[in-house]
Amino acid sequence: RFHHFREGIGCGSPCGASWMPREIITLQVGQCGNQIGMEFWKLLCAEHGINQRGILEEYATSGDDRKDVFFYQADDEHYVPRALLIDLEPRVIHGIQSSEYADLYNPENVFISKDGGGAGNNWAKGYSSAEKVQEEIFDMIDREADGSDSLEGFVLIHSIAGGTGSGAGSYLLENINDRYPKKLIQTYSVFPLLSSETSDVVVQPYNSVLTLKRLTLNADCVVVLDNTALNRIAMDRLKLANPTFAQINSLVSTVMAASTTTLRYPGYMNNDLIGMLASLIPTPRCHFLMTGYTPLTIDHHNTTIRKTTVLDVMRRLLHTKNIMVSCSTRRGVYISILNIIQGEVDPTQVHKSLQRIRERKLAKFIKWGPASIQVALSRQSPYIQTAHKVNGLMMANHTAISQLFDRNVKQYDKLRSRNAFLENYRQEPMFSDSLDEFDNAKEVVLQLSDEYKAAETEDYIKWGLLADQEVHMPPMYPSGDRRVPS
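Residues numbered from 1 in each chain as written. Predicted model: local features only at pLDDT ≥ 70, side-chain atom pairs only at ≥ 80, totals over all residues. Heavy atoms only, no water.

A. Examining empty space enclosed by the protein more closely. As enumerated under the stated definition, the model contains two cavities of 30 Å³ or more in all. One number sums up the size of the largest cavity: a volume of about 40 Å³. Taken together, Ile24, Phe40, Phe70, Val155, Gln186, Tyr188, Met256, Thr260, Leu263 and Leu273 form the lining of the largest cavity. Along the lines of polarity and charge, the residues of the lining of the largest cavity split into eight nonpolar, two polar and no charged. Approximately 30 Å³ is the volume found for the second largest cavity. (1 Å grid on protein atoms, 1.4 Å probe; cavity = no way out; pocket = protein on both sides within 12 Å on 5 of 7 lines; lining within 4 Å. Points joined across faces, edges and corners; volume = space filled by probe spheres on them. Nonpolar A, V, L, I, M, F, W, Y, C, P; charged D, E, K, R; others polar.)

Shown next, in the form of structure tokens:
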């Protein structure tokens, strides 16, 4: 078993000259999605030398970065994010529209529900509200897609616990899937705080399970951003007593920006989303990724890390306490790992680090596939001062993520067994006749958890073949799954 060191060193125009931009359209949906989206665009602008109004700064005009993956240029040379801002209540989007970044976005790409009442933390209300205005939203999506030369796919930023990000987000996932079956769909999905004292949404277990069904069947890749783990990291690692939403969102945007660096600073590898995801997701349903990032900084609060050699960074990325999902990676196995290392890096150091990690057995891999940590080297933006020489992002597919799904189902069962808080759902069309959709969604999440557990065994491939003969899967599972040929 070896580690493949697959090197993606950012380089100048010789290797990028013939590279076609593969555009990505970002959909930020709901309060959480728009707050995180706002931070993401701020960071991308800073990294590419684009100011708050979308104008390229003088010092950034000779850069060989790829701005056109996430931005397009308007007639007046402004860079405009390929982003749609969608919400059923106006507060957050109005905040963006009155911020210093108000002129950055295309005003035609903003959708706020006319009645402005929001979804009241009800998945079913979010879903049916999106259905009612689907024509308006898909006009915006189609216009953005038609404006791309070679659209690669869509990125959805949302939360799974509330009403709009979960319900309207689910509706969009299903329908983008139908309308653009060949385009990739990646999501950055925020999972809720699981301690009930801190949650203000009593029905979040219902909303989460209903959304998880769509993330399982209608997305190609889900980057799991777990609020429980993000809060713990902010408190334990960054010594923030009461982390604010803004501080947590800053962590999330750092991860999002780092995960897209190889697309924006193309090198020899992972220049497009499909290349990156293909190496992380060997089997279609196990497509939920966890991330780790080091060294972390928020508002000048640093982790107490002084030294950042490649080995230090790669070793820290494997520490459970740095992983942004509240599942212990001490149990279970890695299906795949991609480390994106940014900064001043000598490739021979990467080889040595991989060897040390292998010798010390720091990462335990599946038995049925290649046991490899893949490494892509990427440049750092020359326009941002960083405190450290080397930064690292780990994107990992690990079987321990099933713990997160099991916890969600357990919380769901507590409410469902008492038939608690179902009245608001029954008022919406999907649930007016029966509550079957709840049980159907729970079944899909249980099957997903079972699949991750099966991936820990040597005969997982056999298990998969049996599953396709519907021994493991209920009949509804393959038919609605975008990655299973019909």
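B. Focus on the sheet that holds strand β7 (residues 184-191). Strand order in the open sheet formed by 10 strands is β5-β4-β1-β6-β7-β8-β9-β14-β12-β13, and the pairing between neighbours is mixed. A single partner strand is all that each edge strand has here, and the edge strands are β5 (110-112) and β13 (373-378). Ignoring strand direction, the axes of neighbouring strands in this sheet form an average angle of 20°. On top of the sheet, helix α2 (residues 30-48) reaches β1 (23-29), β4 (83-87), β6 (151-159) and β7; it is set at about 135° to β1, its chief contact. (Pairing = 2+ DSSP bridges. Helix = DSSP H or I, 4+ residues; strand = E, 2+ residues; numbered from the N terminus. Axes fitted to C-alpha atoms, helices over the stretch in contact; angles between N-to-C directions. Contact = heavy atoms within 4.5 Å.)

C. Quick look at the pairing of β4. Of all five residues making up β4, five are buried, and the element is well covered by its neighbours. The two faces of β4 match: Ala83, Leu85 and Asp87 on one face and Leu84 and Ile86 on the other face are all buried. Pairing between β1 and β4: four bridges, direction parallel. Bridging from a neighbouring strand, threonine 26 pairs with alanine 83 of β4. When β4 meets β5, the two strands line up parallel, connected through three bridges. Its bridge partner being in β5, leucine 85 is matched across the sheet by valine 110. With helix α3 (residues 91-97) bridging β4 and its parallel neighbour β5, the resulting β-α-β unit is right-handed. (Buried < 20%, exposed > 50% of the residue type's maximum accessible area, 1.4 Å probe, protein only. Right-handed = clockwise from strand over helix to strand, strands pointing away.)

D. Examining helix α4 (residues 123-132) more closely. Burial within α4 is extensive, with seven of its 10 residues counted as buried. What α4 keeps buried is the set Trp123, Ala124, Gly126, Tyr127, Ser128, Ser129 and Ala130. Where α4 is buried, its residues touch α5 (134-146), α6 (164-179), α7 (204-218), α15 (423-426) and α16 (429-432). In this structure asparagine 122 caps α4, since a side-chain oxygen of it lies 2.8 Å from the backbone nitrogen of alanine 124. (Polar contact = N/O pair within 3.5 Å; in protein donor to acceptor, adjacent residues only side chain to side chain.)

E. Quick look at the nonpolar core. Ile141, Ile176, Phe288, Tyr334, Ile337, Tyr425 and Phe438 are the most contacted members of the largest nonpolar core, which totals 90 residues. Among the elements that take part in this core, helix α17 (residues 436-454) stands out by supplying six residues, more than any other. When sequence neighbours within four positions are dropped, the list of residues in contact with isoleucine 337 reads Leu280, Leu318, Ala363, Phe365, Ser372, Ile373, Gln374, Met394, Met395 and Ala396. Formed by 58 residues, the second largest nonpolar core is a distinct cluster that contains Phe40, Val155, Leu240 and Ala376. (Core = buried A, V, L, I, M, F, W, Y, C linked by side-chain atoms within 4.5 Å.)

F. Looking closely at the confidence of the model for the protein. With 87% of its residues at a pLDDT of 70 or more, the protein shows a mean pLDDT of 85. Per-element averaging of pLDDT across the protein places helix α1 (residues 13-16) at the bottom with 36 and β4 at the top with 96. Note on residues 1-18: pLDDT is under 50 here. Beyond four places in sequence and across chains, it has 61 contacts. Every residue in residues 471-476 is under pLDDT 50, and counting partners more than four places away or in other chains gives 17 contacts. (pLDDT = per-residue confidence, 0-100.)

G. Broad picture of α2. For α2, with 19 residues, the first-to-last C-alpha span of 26 Å sits near the 27 Å given by 1.5 Å per residue. Note on α2: the residue one or two positions beyond its end, glycine 49, has a positive phi of about 70°. (Expected span 1.5 Å × (residues − 1).)

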